[in-house]
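Structure assessment
These are the residues of each chain, in order.
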Amino acid sequence: AGVAYHTLLIEGLRVDSPLRRFIDRSPTVQRKFWNYCPEPPAKHWLSRLPQTFAEYEKWFGGKPRAQLKAKERKLHAACGSVVQLQRVTSPQDVPAFVESVAQIAKLSWQGRKLGQTIEVGDRQSERMAEFAAKGWFRGYLLRSETGPIAFVIGYQSDGTYHYMQVGYDPKWSEFSPGNVTLYRLIEDLYAHDRPDVVDFGCGDNQYKRVFGNESFDEQSVYLLRRSLYTGLVRMTHRALFKLTDFVRVGLRRTGLLERVRRSLRSA
């Protein structure tokens, strides 16, 4: 029989995992495959929740907690009404949730600059409803009487809450609506079906360092079956990544990288 594949991709593999050690050290793997990791390891953040919210607040610290509560009070005042956090878990509530999320996503910088929008009836909204029917979906909406402000799309199973996708209306950005939402979300996790872990996923964002208390390095690994074709693909792919990394380093050294990121969020 012919070879049915050229590449195996293992996404988000912990660099200290037994599987990674096996891939790196196995003579059989090295003989049959190129072990290709085009990107360097990245941080993956978690928050292991203590038993009570009071313990979590103590760990979080008084100063950042006071700052968040001050932001929340100012957000209440700016909205002219009390801001509420709504939890969405049931399939019948998903359509209305998606409508609000779609409204925010179009206004967010991810939607305006990256085209990362959500629509009623698209595959992502259908998946939310499917997961809600299985008891896995756990979304949140921060809203006032004037309309939705921020959203979180997440899933919970086997004691872990996966904090997957977030967004907020940029007109409220001075009040840190994302962090306000996340703090109230964690409070709600304690009140209803508390998980053991909140998984923030890959990326070393500032809010993950603030809310997370554990991290590890992970990396995507490509196993390329050794052949002329995959050798050429690897060389081309590596050259493109080196060029991209060269540009990124140049922007970072000149201070332009952070300015570009800020402009994407504020424009």
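Residues numbered from 1 in each chain as written. Predicted model: local features only at pLDDT ≥ 70, side-chain atom pairs only at ≥ 80, totals over all residues. Heavy atoms only, no water.

**Regarding the overall build of the chain**
We count it as follows: Strands are runs of DSSP state E lasting at least 2 residues, helices are runs of H or I lasting at least 4, and numbering of each runs from the N terminus. Relative accessibility decides the category of a residue: with a 1.4 Å probe and only protein chains considered, values under 20% of the type maximum give buried, values over 50% give exposed, and everything between is partly exposed. Any pair of residues with heavy atoms lying within 4.5 Å of one another is described as a contacting pair. Working definition of accessibility: Shrake-Rupley area with a 1.4 Å probe, residue cover restricted to the visible protein chains.
Scanning the chain from N- to C-terminus turns up 11 helices and 9 strands. Residue burial in the chain is summarised as follows: out of 267 residues, 37% are buried. Long-range pairs, those at least 24 residues apart, make up 73% of the contacts in the chain between residues at least 6 apart in sequence. With the model as given, the accessible surface of the chain reaches about 15400 Å², and the carbon-plus-sulfur share is 53%.

**Side note on the nonpolar core**
In globular proteins that are soluble, nonpolar side chains generally tend to be buried together. Applied cut-off: Within this scheme, the nonpolar core is defined by two criteria: the residues are buried Ala, Val, Leu, Ile, Met, Phe, Trp, Tyr or Cys, and they are joined through side-chain atoms within 4.5 Å.
In this structure, Y56, Y161, Y163, L185, I186 and F211 are the most contacted members of the largest nonpolar core, which totals 20 residues. At the level of secondary structure, the elements contributing two or more residues to this core comprise α3 (53-60), β7 (160-168), α8 (177-191) and β8 (197-202). Residues V101, I104, I153 and Y155 belong to the second largest nonpolar core, which totals 15 residues.

**Section: the packing of aromatic side chains**
The condition that has to hold: Note on ring pairs: Phe, Tyr and Trp rings are taken, using the six-membered ring of Trp, and paired if centres are within 6.5 Å. Classes follow the plane angle, with under 30 degrees stacked, over 60 edge-to-face and the rest tilted. Each ring is checked for a lysine NZ or an arginine CZ that lies within 6 Å of its centre and within 35 degrees of its normal; such an atom marks a charge sitting over the ring.
Enumeration according to the criterion identifies 20 aromatic pairs in this entry. Between Y56 and Y190, the aromatic rings sit 6.4 Å apart at their centres with planes inclined by 50 degrees, giving tilted as the arrangement. Residue Y56 is found in helix α3, and its partner Y190 is found in helix α8; the two are separated by 134 residues along the sequence. There is no split in this pair, since Y56 and Y190 are both buried. Above the plane of the ring of F216 lies R14, whose end atom (NZ or CZ) is 4.0 Å from the centre.

**Description of the pattern of salt bridges**
Rule in force here: Note on definitions: salt bridges are taken to be side-chain nitrogens of Lys or Arg within 4 Å of carboxyl oxygens of Asp or Glu.
Counted according to the given criterion, the structure contains 12 salt bridges. The closest approach of N and O atoms between R20 and D24, which form a salt bridge, is 3.1 Å. Remark: D24 and R20 occur in helix α1 (residues 18-25); sequence separation between them is 4 residues, near one turn of the helix. You can call D24 partly exposed: its relative accessible area is 38%. Residues joined by salt bridges that share partners form a network here, namely E72, R184 and E187.

**Description of a nonpolar patch on the surface**
What counts here: Patches here are clusters of residues that have more than 30% relative accessible area and form no salt bridge, with a 9 Å joining cutoff for like charges and a 5 Å cutoff for nonpolar side chains (Val, Leu, Ile, Met, Phe, Trp, Tyr).
On the surface, L228, L232 and M235 cluster together into a nonpolar patch covering about 370 Å² of accessible area. With a relative accessible area of 58%, M235 lands in the exposed category.

**Comments concerning the packing of α3 against helix α4 (residues 62-79)**
The condition that has to hold: For every element, the axis is a line fit to its C-alpha atoms; helices are fit only across the contacting stretch, and the angle between N-to-C directions ranges from 0 to 180 degrees. For classification purposes, an angle smaller than 35 degrees is called roughly parallel, one larger than 145 roughly antiparallel, one from 65 to 115 roughly perpendicular, and anything else oblique. Residues are grouped as follows: nonpolar covers Ala, Val, Leu, Ile, Met, Phe, Trp, Tyr, Cys and Pro; charged covers Asp, Glu, Lys and Arg; every other residue, Gly included, is treated as polar.
In contact at an axis separation of 7 Å, α3 and α4 are set at 105 degrees when each is read in the N-to-C sense. One way to sum up the angle between α3 and α4 is to call them roughly perpendicular. Listed contacts from α4 to E57, K58 and F60 of α3 are P64, R65, L68 and K69. Counted by class, the contact of α3 with α4 contains 3 nonpolar, no polar and 4 charged residues.

**Side note on the pairing of β8**
As a reminder of what qualifies: Two strands qualify as a pair provided DSSP detects at least 2 bridges between them. By convention, a crossover is right-handed whenever its connection, traced from the first strand over the helix to the second and viewed with the strands pointing away, goes clockwise.
In terms of burial, β8 is a largely internal element, 5 of the 6 residues being buried. Alignment of strand β3 (residues 42-48) against β8, held across 5 bridges, turns out to be antiparallel. Bridging across to β8, W45 finds its partner in G201. For β7 and β8, the ladder comprises 3 bridges, and the chain directions are parallel. Residue pairing in the sheet places Y161 in a bridge with V198 of β8. Crossover β7 to β8 through α8 is right-handed.

**Observations regarding α8**
We apply this condition: Helix span, as expected, comes to 1.5 Å for every residue beyond the first.
A rise of 1.5 Å per residue sets the reference length of α8, with its 15 residues, at 21 Å; its end C-alpha atoms lie 21 Å apart and thus fit the reference within 8%. In terms of burial, α8 is a largely internal element, 11 of the 15 residues being buried. Residue D193 follows α8 closely and has a positive phi angle near 55 degrees.

**With respect to the packing of helix α5 (residues 94-107) against helix α7 (residues 123-133)**
Test applied: Crossing handedness is defined as follows: a turn of the near helix away from the far one that is anticlockwise and smaller than a right angle gives a left-handed crossing, while the clockwise case is right-handed.
Close contact between α5 and α7 brings their axes to 10 Å; oriented N to C, the two are set at 145 degrees. Between α5 and α7 the crossing geometry is right-handed. Along its contact with α5, which presents V94, F97 and V98, the element α7 presents S125, M128, A129 and A132. The residue inventory of the contact of α5 with α7, partitioned by class, reads 6 nonpolar, 1 polar and no charged.

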